[in-house]
Amino acid sequence: MSAVVVFLIFFVCLVIAIPISIALGIVSVLPGAFDPSFTASGQFVIRSMLGGIDSFPLLAVPMFVLSGMIMAKGGISKKIFDVFAFFIGKFTAGMPCAVIVTCLFYGAISGSGPATVAAVGSMTIPILVKLGYEKSFATAIVAVAGGLGVIIPPSIPFIMFGMASGESVSDLFIAGVIPGLLIGLLMMVYAVFYCKKHGEDKEKIREEVEILHKKGILGVFKESFFAILSPVIILGCIYTGVASPTEAAVISVFYSLIVSMFIYKSMTIKDIWPMMVEGVKTYAPILFILAASIAFSRVLTLMQVPQSISEWILSNFHSKVVILIVINIFLLIVGMVMDTTPAILILTPILLPIVTAVGMNPIHFGVMMVVNLAVGFVTPPIGVNLFVASSLTDIPLMQIAEKAMPLIICFLLALLMITFIPQISLALV
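In this text the structure is predicted, and so the values were computed from the model without any measurement.

(A) Structural context of the overall build of the protein. Per the secondary structure count, the protein includes 21 helices and zero strands. In terms of C-alpha radius of gyration, the protein reaches 22 Å, essentially the compact-globule figure of 22 Å for 429 residues. For the protein, the spread of C-alpha atoms along the three principal axes comes to 75 × 50 × 40 Å. Taken over 429 residues, the protein has a buried fraction of 55%. Within the structure as shown, the protein displays about 17900 Å² of accessible surface, and the carbon and sulfur contribution to it stands at 71%. If the 21 positive side-chain charges of the protein are averaged to one point and the 20 negative ones to another, these points end up 8 Å apart.

(B) Spotlight on the nonpolar core. Counting residues in each nonpolar core, the largest one holds 159 residues, and the members touching the most others are Met-95, Ile-183, Met-187, Ile-327, Phe-365 and Phe-411. Once residues within four sequence positions are removed from consideration, Met-95 is found in contact with Phe-81, Ala-85, Gly-89, Leu-128, Leu-131, Tyr-133, Ile-205, Glu-208 and Val-209.

(C) Representation of the pattern of salt bridges in the model. Per the stated rule, a full pass over the model turns up six salt bridges. Put simply, Lys-403 and Glu-134 hold a salt bridge, and the shortest N to O gap is 3.1 Å. Of this pair, Lys-403 sits in helix α20 (residues 397–420) while Glu-134 sits in the loop between α7 (113–130) and α8 (135–145), and the two are 269 residues apart along the sequence.

(D) The packing of helix α15 (residues 305–316) against helix α17 (residues 340–357), seen in detail. Contact geometry for α15 and α17: axes closest at 8 Å, N-to-C directions at 40°. With respect to the hand of their crossing, α15 and α17 are arranged in right-handed fashion. Packed against α15, whose contacting residues are Val-305, Pro-306, Ile-309, Ser-310, Ile-313 and Leu-314, the element α17 presents Pro-349, Ile-350, Pro-353, Ile-354 and Ala-357 at the interface. Residues of the contact of α15 with α17, tallied by class, amount to ten nonpolar, one polar and no charged.

(E) The packing of helix α16 (residues 320–337) against α17, seen in detail. It is the contact of α16 with α17, at a shortest axis distance of 12 Å, that shows an interaxial angle of 175°. In terms of their interaxial angle, α16 and α17 are classed as roughly antiparallel. On α17, the residues that touch Ile-323, Leu-324, Ile-327, Phe-330, Leu-331 and Val-334 of α16 are Ala-343, Leu-347, Leu-351, Ile-354 and Val-355. Class assignment for the residues of the contact of α16 with α17 results in eleven nonpolar, no polar and no charged.

Parameters at a glance
Residues numbered from 1 in each chain as written. Predicted model: local features only at pLDDT ≥ 70, side-chain atom pairs only at ≥ 80, totals over all residues. Heavy atoms only, no water. Helix = DSSP H or I, 4+ residues; strand = E, 2+ residues; numbered from the N terminus. Rg over C-alpha atoms; globule rule 2.2 N^0.38 Å. Buried < 20%, exposed > 50% of the residue type's maximum accessible area, 1.4 Å probe, protein only. Areas by Shrake-Rupley, 256 points an atom, 1.4 Å probe, with all protein chains shown as cover. Lys, Arg positive; Asp, Glu negative; His and termini not counted. Charge placed at Lys NZ, Arg CZ, Asp CG, Glu CD. Core = buried A, V, L, I, M, F, W, Y, C linked by side-chain atoms within 4.5 Å. Contact = heavy atoms within 4.5 Å. Salt bridge = Lys/Arg side-chain N within 4 Å of Asp/Glu carboxyl O. Axes fitted to C-alpha atoms, helices over the stretch in contact; angles between N-to-C directions. Left-handed = near helix turned anticlockwise from the far one by under 90°. Nonpolar A, V, L, I, M, F, W, Y, C, P; charged D, E, K, R; others polar. Parallel < 35°, antiparallel > 145°, perpendicular 65-115°, else oblique.

This is the structure in structure tokens:
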């Protein structure tokens, strides 16, 4: 069976709404079923699935998922927002900018785009609407800024790329810092432009900020100290070598539990079990997709698909700039129709040899790939962040997407800079 037929069947499965994990399992088994001499038998596929998920770094994913849920329940996102609203709320677009920075910080806790949208959006969208901002604008800000959750470390997609490429997860985390800040800065520039053009209700904003100012800087800082300390502890453990990313993920779970239960007292022991059940429900589909993706990527390797695609691209495109633009466009399209995890695990073995052949650093490529796929979080038809944001506000998905378009352009502008200026990703590494 040819690779073209395999991908065609996979595409048909997606079109007729077969779950992606099952679709990946089907196309993994088919080559061996139709050709008994092919190495990848059904037994090989099952071994690949089980062997692929038997990974210590992978344990970080459910831990970060659970940690994000605990911190959302514990109201930690509200504490972080209050700090930034205190300092920048009174300026033009101060409140939307405070939301963007909150997404940056919360992304450094949860490692997930949709989790960031759910936790920050459920708290900040009502505040922005109460202050007079258009509801669709407030929702778009959170939906797009939530994508920073997979770029700012710790990041679940970076863990997946590390598994697929063999690169250091810690280095990938460090490489994501400046790109994440750059994208956040460009989004804040647009928020200022938007608010200057459409105006703000300064009176309502002043009243909201005054409530925080009455507490005083020490009062606000005291309330928010342990919330802001959480990403410092998580990333500090990783970068100082005290803990691996997986161990830091476990630390984040216990830290968030202690802060939520004993300091903010926003959770009780009764809340723990339902949250763990919800965490399993969230992670189980991811694990199934992950196992099937690993099996499919190994089948493609045996079919020599990565080598064939690499040879074709390198023989038809001779300019590094053109090759990188083609890969970016391809990844943007993939991000629009496929979830991040299978996209990374399937495409990394295919694309990594191509970019290394033209002299690109694998860590730099990892950042470029994740930023590309992060755009997919806010572009139809799959845009997970759009679905989460729509469920929070009942605004139609396409209406949010339309309002988010200028913010997506900010993302794409940053992507171009990240692609062609390697120092943005590699300066800290």
